[in-house]
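Letter by letter, the chains look like this.
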Amino acid sequence: MTVLKTIRGAFDLRRPLARVGAVLSALALAACQPIEMGASGPQTGQSIDPSQPVQVALLVPGGTGSADLDWLARSLGNSAKMAAADARGATIDLRIYDAGSEPGTAVAMANRAVAEGAKIILGPLFADSANAVGNAMAPQGVNVLSFSNNTDIAGGNVFVLGNTFDNVADRLVKYGVRNGKRRILMVAEDDTAGQVGARAIERAIRSNGATLAGTAVHPLSQSGIDAIVPNVTQAALSGNVDAVFLTANQGAVLPYLTDRLADAGVTSATVQMMGLTRWDQPSARLQLRGVQGGWFAIPDTTMKAQFDQRYRAAYGETPHELGSLAYDGVAAIAALVRAGNRNALTTSGLTQSAGFAGVSGAFRLKRDGTNERALSVATVRGGQVVVLDPAPRSFGGFGF
């Protein structure tokens, strides 16, 4: 058996580690502006005096000795600083703590931050650390905005800012139903991430009135994938399936799986292919024959491009893809503070129904600790990314 090289994906129950001038006034003014104030609700978290500086603690995965984590830590810290500097009408006292990659270190830094006056915690990144920090902060009445995308840790005083499988699955299935793709065959890895992704797809299918036409689960090996290809092919080409939805979370799976399916005649030319992960990253994926014409979800790229340009001009390097989460978190807090909201850091303030216009598009936090993010539906044509359906700019509108 040849085992596929495992490349850690964007979702892991223990370690959700993703892939690795003038100020542009449009970004500074538009990013994370609250569209409206939400209704009052349960008050968990710290009340503040919005006329005074608000102390925000940022926990970054620095101090591990890992070059990739150090880059991510820099990106989160620098992005948060940019947001604090852009916070017109609000004063954010941002303090950055190296929280490493282990729960114990993260909890120690969170306790230190609160002892030093922090009213809210941004971070940490890893799900187990965020869960531990949430438990430690709950008795102190402090909310935690984690950079994780793991919804298993969401709830109570813990929110996840990362883009979740549920966001992606719902966006693609909803778009598919609108375009006549109601009968969906799901193909998933048998690891933790694949099964979490599979459950997200199943929820999206149910909530959007589609039909799960079948499920194929494969091990993370070439022989495991080879074993399911005949059955997937038979089902996909039977005339009873409108789309094939792949979790393909592990980096080595997508190239091999789509190539083997293409060999068998299963491409978007015969049945619509859909993916839970980014089919445009890394860029080498754009040349894969099996992804041509497939659907996947991406953030709104307009504001992100402006943000990246600002960041490079200020810091001389490209930001890590997750860096914008720190900008969004700080800027959302600043927007609520600027609006004079004493409950800006409480559950009722953070979960205002209209959400925020963030760097990567509109987003809002939900009372269950999860989030909703506006996403575009994209495809690959001739090795180029083409947006089929742009991300909505606000909630309650088309696409949500």
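The structure this text deals with has already been given above.
Residues numbered from 1 in each chain as written. Predicted model: local features only at pLDDT ≥ 70, side-chain atom pairs only at ≥ 80, totals over all residues. Heavy atoms only, no water.

A. View of the side chain of Asp 300. Here Asp 300 shows up in the loop between strand 10 (296-299) and helix 9 (301-315). For Asp 300, the side chain forms a polar contact with the side chain of Arg 393, separated by 3.0 Å. (Helix = DSSP H or I, 4+ residues; strand = E, 2+ residues; numbered from the N terminus. Polar contact = N/O pair within 3.5 Å; in protein donor to acceptor, adjacent residues only side chain to side chain.)

B. Molecular detail of the pattern of salt bridges. Taken as a whole, this structure holds 19 salt bridges when the rule is applied. The shortest N-O distance in the salt bridge between Asp 86 and Arg 310 comes to 2.8 Å. Residue Asp 86 is located in the loop between helix 2 (67-85) and strand 2 (92-98), and its partner Arg 310 is located in helix 9; the two are separated by 224 residues in the primary sequence. Considered together, Asp 86 and Arg 310 belong to a single accessibility category, that of buried residues. A salt bridge links Arg 289 to Asp 259, with the shortest nitrogen-to-oxygen separation between them at 2.9 Å. Remark: Asp 259 occurs in helix 8 (residues 253-263) and Arg 289 occurs in the loop between strand 9 (272-275) and strand 10; sequence separation between them is 30 residues. (Salt bridge = Lys/Arg side-chain N within 4 Å of Asp/Glu carboxyl O. Buried < 20%, exposed > 50% of the residue type's maximum accessible area, 1.4 Å probe, protein only.)

C. Region of interest: the sheet that holds strand 2. The 5 strands lie next to each other as 2-1-3-4-5, forming an open sheet whose pairing is parallel. Bordering the open sheet on either side are strand 2 and strand 5 (158-160), each of which pairs with just one other strand. Here the strands of the sheet are splayed against their neighbours by 20° on average, with no regard to which way each runs. The sheet contacts of helix 2 involve strand 1 (54-60) and strand 2, and relative to strand 1 the element is tilted by about 160°. (Pairing = 2+ DSSP bridges. Axes fitted to C-alpha atoms, helices over the stretch in contact; angles between N-to-C directions. Contact = heavy atoms within 4.5 Å.)

D. Layout of the packing of aromatic side chains. By the definition in use, this model includes 6 aromatic pairs. Summarising the aromatic geometry, the rings of Phe 307 and Tyr 327 are spaced 5.6 Å apart at their centres and angled 75° between planes, so their arrangement reads as edge-to-face. On the criterion of sequence distance, the pair formed by Phe 307 in helix 9 and Tyr 327 in helix 10 (residues 323-338) is long-range, its members being 20 residues apart. Grouped by ring-pair contacts, the aromatic residues Phe 307, Tyr 311, Tyr 315 and Tyr 327 constitute a single cluster. (Phe/Tyr/Trp six-rings, centres within 6.5 Å; stacked < 30°, edge-to-face > 60°.)

E. How the structure looks around helix 10. Taking 1.5 Å as the rise per residue, helix 10 with 16 residues should run 22 Å; its terminal C-alpha atoms sit 23 Å apart, in good agreement. Burial runs high along helix 10: 15 of the 16 residues are buried. Just downstream of helix 10, Gly 340 is the residue with a positive phi angle, here 80°. (Expected span 1.5 Å × (residues − 1).)

F. Up close: the packing of helix 2 against helix 9. Their axes nearest at 11 Å, the elements helix 2 and helix 9 cross at an angle of 100°. One finds that helix 2 runs roughly perpendicular with respect to helix 9. Every residue of helix 9 that contacts helix 2 at Arg 74, Ser 75, Asn 78, Ser 79, Lys 81 and Met 82 is listed here: Phe 307, Arg 310, Tyr 311 and Tyr 315. A class-by-class count of the residues in the contact of helix 2 with helix 9 yields 4 nonpolar, 3 polar and 3 charged. (Parallel < 35°, antiparallel > 145°, perpendicular 65-115°, else oblique. Nonpolar A, V, L, I, M, F, W, Y, C, P; charged D, E, K, R; others polar.)

G. Examining the environment of Thr 267 more closely. Inspection of the secondary structure puts Thr 267 in the loop between helix 8 and strand 9. Overall, the relative accessible area of 19% leaves Thr 267 in the buried class. Counting along the chain gives 31 residues from Thr 267 to Ala 236, while the straight-line C-alpha distance between them is 9.5 Å.

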